[in-house]
Amino acid sequence: MIVIRALVLENGEILLKEVEMPDLQPGEVLIRVNLAGICSTDLEMTRGYIPFSGILGHEFVGTVEKDPLGELEGKRVVGEINIGCGDCYYCRKGIKNHCQERRVLGIRQRPGAFAEFLALPRENVFPVPEVITNEEAVFTEPLAAGFQVLEQVHIPPSCSVAVLGDGRLGLLLAMVLVESGLQPVILGHHRDKMEVVASLGIKGFIAEDFGDKVDFVIECTGKTNGLQLAQELVSPRGTIVLKSTVKGKISLDMASLVTGEITVVGSRCGPFPPALRLLKGKSLPLEKMVEKKFPLSRGREGVKYASRKGVKKVVLEISG
Ligand SMILES: [Zn+2]
Ligand SMILES: [Zn+2]
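Structural notes, computed from the coordinates. (Residues numbered from 1 in each chain as written. Chains lettered and ligands numbered in written order. Predicted model: local features only at pLDDT ≥ 70, side-chain atom pairs only at ≥ 80, totals over all residues.)

### Some thoughts on the pairing of strand β1 (residues 3-10)
Consecutive side chains of a regular strand alternate in pointing toward one face of the sheet and then the other.
Step number 1: Sheet topology places β1 next to strand β2 (residues 13-20); 8 bridges connect them, and they run antiparallel. In the sheet register, L7 faces β2, and the bridge partner there is L16.
Step number 2: Hairpin connection of β1 to β2: 2 residues between the antiparallel strands, including N11 at a positive phi of 50 degrees.
Step number 3: With 2 bridges connecting them, β1 and strand β4 (residues 54-55) associate as antiparallel partners. The residue of β4 that forms the bridge with L9 is G54. (Pairing = 2+ DSSP bridges. Helix = DSSP H or I, 4+ residues; strand = E, 2+ residues; numbered from the N terminus.)

### Regarding the environment of Q231
Step number 1: As for its position among the elements, Q231 is in helix α7 (residues 226-233).
Step number 2: Along the chain, Q231 and L316 lie 85 residues apart, while their C-alpha atoms are 36 Å from each other.
Step number 3: Apart from the residues within four sequence positions on either side, Q231 is in contact with I240, D253 and S256. (Contact = placed C-beta atoms within 7 Å.)

### Digging into the sheet that holds β1
Step number 1: Read from one edge to the other, the open sheet built from 3 strands follows the order β2-β1-β4, with strand pairing classed as antiparallel. Two strands bound the open sheet, and with one partner strand each, they are β2 and β4.

### Overview of α7
Side chains of residues three or four places apart in an α-helix project in the same direction, reflecting 3.6 residues per turn.
Step number 1: Looking at α7, one finds that the buried residues are G226, L227, A230 and L233. Take α7 and look down its axis: the buried residues cluster within an arc of 120 degrees, on one side only. (Buried ≥ 20, exposed ≤ 12 C-beta atoms within 10 Å, placed from the backbone. Arc of directions from axis to C-beta.)

### Brief notes about the nonpolar core
Step number 1: Residues A36, L173, A174, V217 and I218 are the most contacted members of the largest nonpolar core, which totals 93 residues.
Step number 2: Among the elements that line this core, the one with the most residues is helix α5 (residues 168-179), at 9 residues.
Step number 3: Here this core spans two domains, and each of domain 1 (3-139 + 286-317) and domain 2 (143-266) adds at least three residues to it.
Step number 4: Ignoring any residue separated from it by four or fewer positions in sequence, one finds V217 in contact with A162, L164, A230, L233, V234, G238 and I240. (Core = buried A, V, L, I, M, F, W, Y, C linked by C-beta atoms within 7 Å. Domains from an automatic or database assignment.)

### With respect to the pairing of strand β18 (residues 313-317)
Step number 1: Among the 5 residues of β18, 4 are classified as buried, and the element is accordingly described as predominantly covered.
Step number 2: One ladder, built from 4 bridges, connects strand β3 (residues 28-38) with β18; its direction is antiparallel. Counted as the bridge partner of L35 is E317 from β18.
Step number 3: For strand β17 (residues 290-295) and β18, the ladder comprises 5 bridges, and the chain directions are parallel. Each residue of the ladder has a partner; that of P295, found in β18, is E317.
Step number 4: Between the parallel pair β17 and β18, the chain is carried across by helix α10 (residues 299-306), and the sense of this crossover is right-handed. (Right-handed = clockwise from strand over helix to strand, strands pointing away.)

### Details of the packing of helix α4 (residues 140-152) against helix α9 (residues 272-281)
Step number 1: Across the interface, α4 lies against α9 with an axial gap of 8 Å and an inter-helix angle of 115 degrees. As the angle between them shows, α4 and α9 are arranged roughly perpendicular. Judged by the twist between their axes, the crossing of α4 over α9 is right-handed. Every residue of α9 that contacts α4 at T140, L143, A144 and F147 is listed here: F272, P274, A275, L276, L278 and L279.
Step number 2: Among the residues making up the contact of α4 with α9, the classes are represented as 9 nonpolar, 1 polar and no charged. (Axes fitted to C-alpha atoms, helices over the stretch in contact; angles between N-to-C directions. Parallel < 35°, antiparallel > 145°, perpendicular 65-115°, else oblique. Left-handed = near helix turned anticlockwise from the far one by under 90°. Nonpolar A, V, L, I, M, F, W, Y, C, P; charged D, E, K, R; others polar.)

Here you go:
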């Protein structure tokens, strides 16, 4: 039996363990993980957002070690995290993200990317163009989640847009919006973080000081009160897009949604191709977003570091 090292979540605790090398199922490729990003979803999972035990991690860039068809071997790749059953109504409709039987890398019934190796179906795997560095490519998955907003709602260029939240996802979303021809503002609490996207012409404001109403509010606060803050900001007939995955329930002022004729849209994972195109074509200020790198052997420390308040992206360096 070949063993590999991995960060495993067990009863809310993260452990560095030796686990079995993933077995390739038909249609899958084996990927040696180079870098993996720690995201808020991982942190929420350690708090029990979703019952999961196993290898965490869903943001990665790696190199294909084994491809039974040979085509992808040696290629640098990133991977979409939802694996559908392939057979149900949703899978046949092409929305495997909503397959009831889906497995999700490092999130649901599928070992994740905080490991030396992972397996993914080849249809989930996308080669990374050479001009994109590993440090940039590790942001593909969260950038794709940003593009999902544009798949779900049409934002006319004349409309006002605000990204609520200056965390990791908020900054990436602001980048996606501005590169798509919109003029978002970012509303947060950390001037140093909002400064990261200032070079793209995105203005940042302290959320409470921003007096205007906006047509589209993209909520990325990662907090349970994010929807309430968004409700305060949104214009009549406006749209709130919810991106935060937080454990918790809230009470809601339903009447103001009705009287304001507000549209509320939940939004999750997104398409990889536009994210890779964006990374290839533009130099986004992503290096400034990586705050610290930890080797896998110090992964526990890395996760702890990532959960400190106001921290930017923390990345695990798994293999060179
Ligand atoms: Zn994530
Ligand atoms: Zn399915």
